[in-house]
Amino acid sequence: MAVYAFYLIALVVLVSALSVIMARNPVHSVLWLILAFFSSAGLLVLIGAEFLAMLLVVVYVGAVAVLFLFVVMMLDVDFVELKQGTLRYWPFAVLVGVIFAAEIVLATVFGTTTNASTFDASPGAATNTEAIGQVMYTQYLLLFQMAGIILLVAMIGAIVLTLRHRPETKRQNIAKQTSRRRSDAFELKDPTPGQGI
């Protein structure tokens, strides 16, 4: 039965991956991509790699949600036009929901019955989470830290490249503030009585 579950979820992965590149609407492509990621996570649960499945859902689906936000902001999608045909897509939405529920049931029922030794990163590890942690923080610690530094540099570079200095924006000039003299801060006036300044 686990083989049938694998073929069913793999078929969903293939169909959703083809729909990602064939859909004309970018919002639909992103939704198909989310379905492909969830289905791939179901395949990982079937082989006993629940930690990798959780990482796939959290990292990739979370990143795709951000990608969806950027698509909406950059392409200026007309939501009024999208909401007009919403009732047409309700049967399709119910079908996708049923597929999600069926994958969760299949992965839960048949994923727990698989032998944990089918996905063991190191000999004698209790779970794959412990095995991945032992390998990552012992043998590959330097590479793991280097990957983190590269991602940090890429993030700082993206911020620097997209930073725009607008002339109307007020910014602090700390050197000008600390070098200010008392005579620059205020001015004494000696008005005559009955007149303003």
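Residues numbered from 1 in each chain as written. Predicted model: local features only at pLDDT ≥ 70, side-chain atom pairs only at ≥ 80, totals over all residues. Heavy atoms only, no water.

Chemist: Run through the overall build of the chain, naming residues and quoting values.
Modeler: Each helix and strand in the chain was counted, giving 9 helices and 0 strands. Each helix and strand of the chain, ordered N terminal to C terminal, gives the series α-α-α-α-α-α-α-α-α. Looking at the 197 residues of the chain, the share that counts as buried comes to 21%. Intrachain contacts of the chain at a sequence separation of at least 6 include 61% that bridge at least 24 residues. When the accessible surface of the chain is totalled, it reaches about 15,400 Å², and 69% of it is carbon and sulfur. (Helix = DSSP H or I, 4+ residues; strand = E, 2+ residues; numbered from the N terminus. Buried < 20%, exposed > 50% of the residue type's maximum accessible area, 1.4 Å probe, protein only. Contact = heavy atoms within 4.5 Å. Areas by Shrake-Rupley, 256 points an atom, 1.4 Å probe, with all protein chains shown as cover.)

Chemist: Residue-level account of the packing of aromatic side chains, with values.
Modeler: A complete count under the given rule lists 3 aromatic pairs for this structure. Judged by centre distance (5.2 Å) and plane angle (40 degrees), the rings of Phe37 and Tyr60 are tilted. Of this pair, Phe37 sits in helix α2 (residues 26-46) while Tyr60 is found in helix α3 (residues 50-75), placing the two residues 23 residues apart along the sequence. Residue class for Tyr60 comes out partly exposed when judged on its relative accessible area of 46%. (Phe/Tyr/Trp six-rings, centres within 6.5 Å; stacked < 30°, edge-to-face > 60°.)

Chemist: Explain the nonpolar core residue by residue, including any values.
Modeler: Counting residues in hydrophobic clusters, the biggest one holds 8 residues: Val30, Ile34, Phe37, Ala41, Ala53, Leu56, Val61 and Val64. Those elements giving two or more residues to this core turn out to be α2 and α3. Among the nonpolar cores identified, the runner-up in size contains 6 residues, and Ala5, Ile9, Leu43 and Leu106 belong to it. (Core = buried A, V, L, I, M, F, W, Y, C linked by side-chain atoms within 4.5 Å.)

Chemist: Can you lay out the side chain of Ser29 for me, pointing to particular residues and giving the numbers?
Modeler: Its location among the elements puts Ser29 in helix α2. What Ser29 contacts, discounting residues up to four positions off in sequence, is Val20 and Ala23.

Chemist: Go over the packing of helix α1 (residues 2-22) against α2, please, and point to the residues and values.
Modeler: It is the contact of α1 with α2, at a shortest axis distance of 8 Å, that shows an interaxial angle of 155 degrees. The orientation of α1 relative to α2 falls into the category roughly antiparallel. The element α1 and its partner α2 pack so that their crossing is left-handed. For the pair α1 and α2, the contacting residues are Ala5, Phe6, Ile9, Ala10, Val12, Val13, Ser16, Ser19 and Val20 in the first and Ser29, Trp32, Leu33, Leu35, Ala36, Ser39, Ser40, Gly42, Leu43 and Leu46 in the second. When grouped by side-chain class, the residues that make up the contact of α1 with α2 number 13 nonpolar, 6 polar and no charged. (Axes fitted to C-alpha atoms, helices over the stretch in contact; angles between N-to-C directions. Parallel < 35°, antiparallel > 145°, perpendicular 65-115°, else oblique. Left-handed = near helix turned anticlockwise from the far one by under 90°. Nonpolar A, V, L, I, M, F, W, Y, C, P; charged D, E, K, R; others polar.)

Chemist: How would you sum up the UniProt feature "transmembrane region" (unreviewed entry) in the chain? Please name residues and give values.
Modeler: As annotated in UniProt, the feature "transmembrane region" (unreviewed entry) corresponds to residues 6-23, 30-49, 55-77, 89-110 and 140-163 in the numbering used here. Taken end to end, residues 140-163 is 92% helix and 0% strand, and its first and last C-alpha atoms sit 35 Å apart. (UniProt positions renumbered as here; feature names shortened; annotations may be inferred.)

Chemist: I'd like to hear about the environment of Leu35, residue by residue, with values.
Modeler: Along the chain, Leu35 turns up in helix α2. Classification of Leu35 by relative accessible area gives buried; the value is 5%. Taking the C-alpha atoms as reference points, Leu35 and Val20, 15 residues apart in sequence, are found 9.7 Å from one another. Setting aside chain neighbours within four positions, we find Leu35 in contact with Val12, Ser16 and Phe100.

Chemist: Describe the confidence of the model for the chain, naming the residues involved and giving the relevant values.
Modeler: Of all residues in the chain, 81% have pLDDT values of 70 or greater, and the mean over the chain is 78. Averaged over each element, pLDDT in the chain is lowest for helix α4 (residues 79-84) (62) and highest for helix α7 (residues 141-162) (90). (pLDDT = per-residue confidence, 0-100.)

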